[in-house]
Each structure stands twice: as C-alpha cells, then as structure tokens.
Amino acid sequence: NMPTVAIVGRPNVGKSTLFNRLVGKKLALVDDRPGVTRDRREGDVQFGGLVFRVIDTAGLEEADSASLLGRMRAQTEAAILEADVVLFVIDARAGVLPADQPFAELVRRAGCPVILIANKAEGGAGLGGAYEAFALGLGDPIPFSAEHGEGVGELHSALQATL
Ligand code: GDP
Ligand code: MG
C-alpha cells in the first residue's frame, strides 16, 4: 500500500502550492482571494525514489462561521487519520499566528509523525518565523519555499527518514 502524506495548516500558508509542487501538476487550486472554498485533493507523487499519496486539505478563508470552521476541522482530522506523516505548514513571513494553533493541536493530538514546513522562506526570508515555529512543539522547522522550490532536498530527506 502506498503511504499517505497529508498537508495540514491554516488557510493561505501555501498548502496547495506545496501540493502542486509535489504532484507536479496544477491539480490544486491556488488562490489568494479570500473566501474561496477549496476541495480536498489527492494526488500520487514520485519524489526522488519515494512514492506516496498526498492529500491537500482545503482552506476556508472566511472561517468566521462556525459551520465552515467545523467543516474544515473535520476535513483536517480525516486527512490526519489517513496519514502516515503530516506536513504541517506555516507561513514563515507571518510567523506563528493564533490561527495556526487549532491545526497544530489536531496534529499533536493525533500523535503521528510530523514534518514542520516554514513556507514562504525563499531567499532567507521569514527566518524569524521559522524560529517561532520551534515553539509549536512539532519538531525542527524546514525553511521552505513551495513557490520557488527551496528546501525540497531537506523535505525529501525528512520524508525518507519517516516513510
Ligand atoms: P493554502 O490556502 O494553504 O492552500 O495556500 P495557497 O497554496 O493557496 O497559497 C496562498 C498564497 O500564498 C498564494 O498567493 C500563493 O501564491 C502564496 N504562496 C504559496 N507558497 C509560497 C511561497 O513559497 N512563497 C511566497 N512568497 N508565497 C507563496
Ligand atoms: Mg489550498
């Protein structure tokens, strides 16, 4: 059976951009407009000799309604349950925000292996945010850029060590 990798985090951290980079196709909708509802997507990945299934979890930008938050939470929980490893993504430029915490809590509670991705860190940006990410208690963050492909080698090593 193919191992499963779930990409988890609050909206707008770059989960779908990371998904697209791993799958190599524009299967996930990347959108910077607020309020866009995006479905869960899955893809098969071949990444430097690793073969796995990846799940992108949707973002609901306007998570101001209880039902939207609940749906997103349920979807994230389902993806984590299926996952052999979770890629937990933060926006290193924004740092760790209160909005990251409920998602981090779901991952901590599941107790499954986690790889912490400090995204949007291209060109050394967001180093402060990457340091903040240590405090999430999800391990050492990998400075990463889903858009520019930085940190891909470190992610590969981390996946290889975990899967
Ligand atoms: P999601 O809501 O977590 O799925 O985030 P998206 O993948 O839709 O990305 C949200 C926004 O962040 C988009 O405008 C992306 O272009 C941008 N983004 C994603 N990855 C990066 C990155 O590595 N660097 C920068 N600067 N922006 C990024
Ligand atoms: Mg998305």
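Residues numbered from 1 in each chain as written. Chains lettered and ligands numbered in written order. Predicted model: local features only at pLDDT ≥ 70, side-chain atom pairs only at ≥ 80, totals over all residues.

Caption draft 1: The arrangement of the overall build of the protein in detail. Along its length, the protein carries five helices and six strands. Ordered by position from N to C terminus, the α and β elements of the protein give β-α-β-β-α-β-α-β-α-β-α. When each of the 163 residues of the protein is scored for burial, the buried share is 40%. (Helix = DSSP H or I, 4+ residues; strand = E, 2+ residues; numbered from the N terminus. Buried ≥ 20, exposed ≤ 12 C-beta atoms within 10 Å, placed from the backbone.)

Caption draft 2: The arrangement of the sheet that holds strand E5 (residues 114-119) in detail. Across the sheet, six strands lie side by side as E2-E3-E1-E4-E5-E6; this open sheet has mixed pairing. At either end of the open sheet lies a strand with only one pairing partner, and these are strand E2 (41-47) and strand E6 (141-143). When the angles between neighbouring strand axes are averaged without regard to direction, this sheet yields 30°. Bridge analysis of strand E1 (residues 4-8) against strand E3 (residues 50-56) gives four bridges, and the strand direction is parallel. Along E3, the bridge assignment pairs Ile7 with Asp56. Helix H3 (residues 101-110) rests against E1, strand E4 (85-91) and E5 of the sheet, and its axis sits at about 160° to E4. (Pairing = 2+ DSSP bridges. Axes fitted to C-alpha atoms, helices over the stretch in contact; angles between N-to-C directions. Contact = placed C-beta atoms within 7 Å.)

Caption draft 3: Summary view of the environment of Glu82. In this fold, Glu82 is placed in helix H2 (residues 66-82). Overall, Glu82 belongs to the partly exposed group, with 14 C-beta atoms counted inside 10 Å. C-alpha separation for the pair Glu82 and Thr4, spaced 78 residues apart in sequence, amounts to 6.8 Å. Discounting chain neighbours no more than four positions away, the residues touching Glu82 are Thr4, Ala6 and Ile55.

Caption draft 4: Summary view of helix H5 (residues 152-162). Of the residues making up H5, those classed as buried are Leu155, Ala158 and Leu159. All buried residues of H5 lie within an arc of 100° about the axis, which places them on one face of the element. For H5, exposure combined with an orientation more than 90 degrees from the buried face picks out Gly153, Gln160 and Ala161. (Arc of directions from axis to C-beta.)

Caption draft 5: Looking closely at the nonpolar core. In terms of nonpolar packing, the biggest core is built from 39 residues, with Val8, Leu87, Phe88, Ile117 and Ala118 touching the most fellow members. Leaving out residues up to four positions away in the same chain, Ile117 has contacts with Leu18, Leu87, Phe88, Val89, Ile142 and Phe144. (Core = buried A, V, L, I, M, F, W, Y, C linked by C-beta atoms within 7 Å.)

On their own, these measurements won't tell you what the molecule is for.
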